[in-house]
Amino acid sequence: MPIEWDAEGRVLHLRNDRISCLLRIQEDGSLGHLYFGRSLAPARSYAHLSGGEFRGFGNRLGEPGRLEYPVPGGGDYRVPALVVEQPDGSAALRLEYAGHEITRGKPEIPGLPATYVEADGEADTLEVTLRDEVGGVEAHLLYTVFADHAAIARSARIVNRGDGVVRVRTAMSASLDLGDADWVMDQLSGTWARERHVVSRRLVPGRQSISSRRGSSGHEHNPFLLLRRTSTTEEHGEALGFSLVYSGNFLAEAEVDPFGSARVRIGIHPEEFTWTLEPGAEFATPEAVLVYSDAGIGALSDTYHRLYRERLARGPWRDRPRPVLLNSWEGAYFDFDEERLVQMATAAAALGIELFVLDDGWFGHRDADTSSLGDWFADRRKLPDGIAGLARRVEAAGIRFGLWIEPEMVSRDSDLFRAHPDWAVGVPGRPRTEGRNQYVLDLSRPDVVEHLDAVLSKVLSGAPVSYVKWDMNRVITEPYSVALPPERQGEFFHRYILGVYELYRRLTTRFPEILFESCAGGGGRFDPGLLAFAPQAWTSDDTDAVERLPIQWGTSIAYPLSAIAAHVSAVPNHQVGRVTPLSTRAAVAFFGVFGYELDPTALPDAERDEVARQVGFYVAHRELFQRGRFVRLVGPFDGDGNETAWMVVSPERRSAVVGHYRVLNRPSPGPARLRLRGLDPAITYDVAAWPASDDTVARLNRGPRGGDELMAAGLLLDATRGEVTARGDFQARLFVLEAR
Ligand code: GLA
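Residues numbered from 1 in each chain as written. Predicted model: local features only at pLDDT ≥ 70, side-chain atom pairs only at ≥ 80, totals over all residues. Heavy atoms only, no water.

A. View of the overall build of the chain. Along its length, the chain carries 15 helices and 38 strands. Expressed along its principal axes, the backbone C-alpha trace of the chain runs to roughly 80 × 65 × 45 Å. Within the chain, buried positions represent 63% of all 740 residues. Sequence separation of 24 or more characterises 70% of the internal contacts of the chain that already satisfy a separation of 6 or more. For the chain, the separation between the mean place of its 83 positive charges and that of its 103 negative charges on side chains is 2 Å. (Helix = DSSP H or I, 4+ residues; strand = E, 2+ residues; numbered from the N terminus. Buried < 20%, exposed > 50% of the residue type's maximum accessible area, 1.4 Å probe, protein only. Contact = heavy atoms within 4.5 Å. Lys, Arg positive; Asp, Glu negative; His and termini not counted. Charge placed at Lys NZ, Arg CZ, Asp CG, Glu CD.)

B. Fine view of the pairing of strand β22 (residues 355-358). Because side chains alternate across β22, one face comprises the buried residues L355 and V357, and the other comprises F356 and L358, equally buried. In the sheet, strand β21 (residues 325-327) pairs with β22 via three bridges, with the strands oriented parallel. The residue bridging L326 from the neighbouring strand is F356, located in β22. Both β22 and strand β23 (residues 400-405) contribute to a ladder of four bridges, which runs parallel. Paired with F356 across the bridge in β23 is F401. (Pairing = 2+ DSSP bridges.)

C. Broad picture of the site of the ligand. The full set close to the ligand counts 13 residues, and D359, D360, K469, G522 and D541 are the nearest of them. At a separation of 2.6 Å, an oxygen atom of the ligand approaches a polar side-chain atom of D359. Separating an oxygen atom of the ligand from a side-chain N or O atom of D360 is a distance of 2.6 Å. Burial of the ligand by the protein amounts to 96% of the accessible area it has alone, namely 310 Å². Here the residues of the shell around the ligand sort into four nonpolar, three polar and six charged. (Near = heavy atom within 4 Å. Polar contact = N/O pair within 3.5 Å; in protein donor to acceptor, adjacent residues only side chain to side chain. Areas by Shrake-Rupley, 256 points an atom, 1.4 Å probe, with all protein chains shown as cover. Nonpolar A, V, L, I, M, F, W, Y, C, P; charged D, E, K, R; others polar.)

D. Examining the nonpolar core more closely. With 198 residues, the main nonpolar core has Y69, L82, I158, L358, W362, F401 and F591 as its most contacted residues. Broken down by element, this core gets its largest block of residues, nine residues, from helix α7 (residues 492-510). Filtering out sequence-adjacent residues up to four positions away, L358 remains in contact with S328, F336, L341, L383, I387, L390, F401, G402, L403 and W404. Formed by 22 residues, the second largest nonpolar core is a distinct cluster that contains V649, L679, I683 and F735. (Core = buried A, V, L, I, M, F, W, Y, C linked by side-chain atoms within 4.5 Å.)

E. Examining the packing of helix α9 (residues 545-558) against helix α10 (residues 582-589) more closely. Where α9 contacts α10, the two axes come as close as 9 Å, and the packing angle between them is 15 degrees. Compared by their axis directions, α9 and α10 come out roughly parallel. Here α9 and α10 pass one another in a crossing that is left-handed. Judged by residue contacts, A545, R548, L549 and Q552 of α9 engage T584, R585 and V588 from α10. Class assignment for the residues of the contact of α9 with α10 results in three nonpolar, two polar and two charged. (Axes fitted to C-alpha atoms, helices over the stretch in contact; angles between N-to-C directions. Parallel < 35°, antiparallel > 145°, perpendicular 65-115°, else oblique. Left-handed = near helix turned anticlockwise from the far one by under 90°.)

F. Highlighting the packing of aromatic side chains. A complete count under the given rule lists 37 aromatic pairs for this structure. Following the ring pairs from residue to residue traces out a cluster consisting of F590, F591, F594, Y596, F617, Y618, F625, F630, W646, Y661 and W690. Over the ring of Y439 we find R432, and its NZ or CZ is 5.4 Å from the ring centre. (Phe/Tyr/Trp six-rings, centres within 6.5 Å; stacked < 30°, edge-to-face > 60°. Lys NZ or Arg CZ within 6 Å of the ring centre and 35° of its normal.)

G. Quick look at the sheet that holds strand β4 (residues 31-38). Spatially, β1-β2-β3-β4 is the arrangement adopted by the four strands of the open sheet, whose pairing is antiparallel. Each of the sheet's edge strands pairs with one partner strand only, and the pair in question is β1 (3-6) and β4. On average, each strand axis in the sheet is tilted by 15 degrees relative to the strand beside it, whichever way the strands run. Bridge count between strand β2 (residues 11-15) and strand β3 (residues 19-25): five bridges; the pairing is antiparallel. Bridge pairing in β3 places R15 opposite S20.

H. Helix α1 (residues 296-311), seen in detail. For α1, spanning 16 residues, the distance from its first C-alpha to its last is 23 Å, which sits close to the expected 22 Å at 1.5 Å a residue. Within α1, 12 of the 16 residues are buried, which leaves the element mostly enclosed by the surrounding structure. Those residues of α1 not exposed but buried are G296, I297, G298, L300, S301, T303, Y304, H305, L307, Y308, R309 and R311. (Expected span 1.5 Å × (residues − 1).)

I. Representation of the environment of A254. Mapped onto the secondary structure, A254 falls in strand β16 (residues 250-256). Separated by 31 residues in the primary sequence, A254 and P223 have C-alpha atoms spaced 13 Å apart. Among residues more than four places away in sequence, those in contact with A254 are M185, L203, G206, R207, Q208, R263 and V264.

J. Quick peek at the sheet that holds strand β28 (residues 536-538). Read around the closed barrel, eight strands run β21-β22-β23-β26-β27-β28-β29-β30, paired in parallel fashion. When the angles between neighbouring strand axes are averaged without regard to direction, this sheet yields 30 degrees.

K. Up close: the side chain of S217. Relative to the helices and strands, S217 resides in the loop between β13 (206-212) and β14 (221-228). Only 2.6 Å separates the side chain of S217 from the side chain of D527, close enough to count as a polar contact. In contact with S217, other than residues within four places in its own chain, are S212, P223, Y246, S247, G248, F250, G524, R525, F526 and D527.

L. The confidence of the model for the chain, seen in detail. Looking at the chain as a whole, the pLDDT averages 96, with 98% of positions reaching at least 70. Residue range residues 53-60 is modelled with pLDDT below 50. Its contacts to residues more than four positions away, or to other chains, number nine contacts. (pLDDT = per-residue confidence, 0-100.)

M. Summary view of the environment of F637. The residue F637 is located in the loop between β31 (629-634) and β32 (643-649) in this model. What makes F637 partly exposed here is its relative accessible area of 29%. Here the alpha-carbon distance between F637 and A563, two residues 74 residues apart in the chain, equals 22 Å. Sequence-distant contacts of F637, that is, excluding residues within four places in its chain, are made with H197, V198, P550 and W553.

N. Geometry of the pairing of β14. For β14, the tally of buried residues reaches seven of eight residues, placing the bulk of the element in the interior. With five bridges connecting them, strand β11 (residues 184-191) and β14 associate as antiparallel partners. Residue V184 lies in a different strand from β14, and its bridge partner there is R228. Summarising the sheet, β14 and strand β15 (residues 239-245) pair through five bridges and their orientation is antiparallel. Residue pairing for β15: F224 is matched across the bridge by S243.

Shown next, in the form of structure tokens:
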């Protein structure tokens, strides 16, 4: 995966056998962009790719063309990557090439999560230095090309080499000038309980963006953009992905210029951001991971899945099978004591569930969401022997113990707030807006991080805790830190996230055996930044099987199933009141990190048996669900959205599980077939329905079937009218394929 320097053409070529990225030092010293896409041959000249005249009015000002890291003030009126206010108040920059360096491996970004390598041979990194000679600002652009991922990781370091103090107003992680604007932009958008639905639009002249300014990546938009051709499908065609390894305010934007080319930029949101750089100081942007696919959206997802599962997530839990858990939240809410929890844990253990998680309500005197956040000591009314006493009894019942925490928050009614009112985010002299009766702790302050580290370490070291669910249930309002001087308030949001990462880093390093799951009111911070610390995330507070289809589908475009926590909950569902079959709830939740979110002592006998079978099935196929290749077959955003289908395939393609879901049953459906993908055409698979069934569909699909046939002709979905009538709404079918 060499990075080549063509000294004559002044071209840098980053390549592996799937992608190429070409940069060129232009005549005026600026760093131009030539190409990002399918792999091009090494050892050739590509300088001519920069050709073409810039037309129109701008021509008189010189030719900005396609740039790697554009700045304002020099005749390029498109969105900039870098804006730095000089000591004299001006913001015009002229960035010129000052050198480059190519190294083996991949350096860390100080204080920030990022993809990594385990051996230097896995990647090469290019660092290009651009300098503004007049003011002394330098932009160091970092590009890592991996040996076997169709991805380039980009970030920038802004250094003040001048004599005066400068203020960084915009510093994007990546900017990419595309040769044309003939793209559809897909984004993952929604709100609480319906996160990451796929929303698509064609690029049009002007700016189109998604963003967050809430202090977290947010439920509303994921820090991810996908561009695809109109003809691109899951299997075919070009797609470009832009993913930001960051958990705070972000902007992802595409601008189409009057000449029909497009610029995409992604990074920290420039609004409500400034960073002061004293002489000699520097600022590091988060990392953006750019992926190219010429084999459809599916192949783009494959790249993100493997890269994020294997080289973003870290720690011992990265590669370990994740336990099937039962979370107490929807089963008990705040209404429990030690006896009830031990009964729930015992009942869960009897079903084969491996981990019992005590959710909210165990600390301070918290009987509702109105108090006690910040008081991280057990409520002795409910837990007379504390967390340690409970955890020991849970473990004695034959199941591991996990605990919910919400470190970044403080309730107005809490000892912590009474002792340290200034630790809560807010502007002195102004009212603070409450969200869920709570305030956000100022994690931009090292003393607050220190305190949380100490109290949480005490909780986690004082009891056999195997798992932590780290929640974050409100967004930031009145952003301000009393610990920062007025001229540095624009740094607050980013410093907050750096504080979150620091706390995560300390706790995950001190407790490497604890599995961390991130959560923010469900999926409000489901981003690559947190995946670097917590290898799985609570995908959504919506546990309804039907609602989960679009949520999990959308999430899977950028994130691996090993990150997507999915639970079976009771009916009527607590978010939408829908009653779906238990089998359907499991058939959806299997495609992720599986668990339950209900009171197992309240299950009727028949359901208890069914749950035990579900747990057994998942455990038997866990490797496939958590590490197999996920293939999206029929999408909930296609047509009327009534059908969804997907599958997981083992790396050697010898086993697979297929899920097909139909929301509303329809009369007279016809003999529809579901064509599979990703199998080995030469392998003969035994096909079986799960759970075993004797209906006609199960029977007609059962038996040895060639991979070629399953991909070309597919599985039969409906057979007889009687069976169609009997099925009812919200049905799922699972098929298990094993190589003979
Ligand atoms: C958030 C989480 C839930 C649960 C509650 C507890 O909403 O997403 O899973 O933990 O908080 O208050």
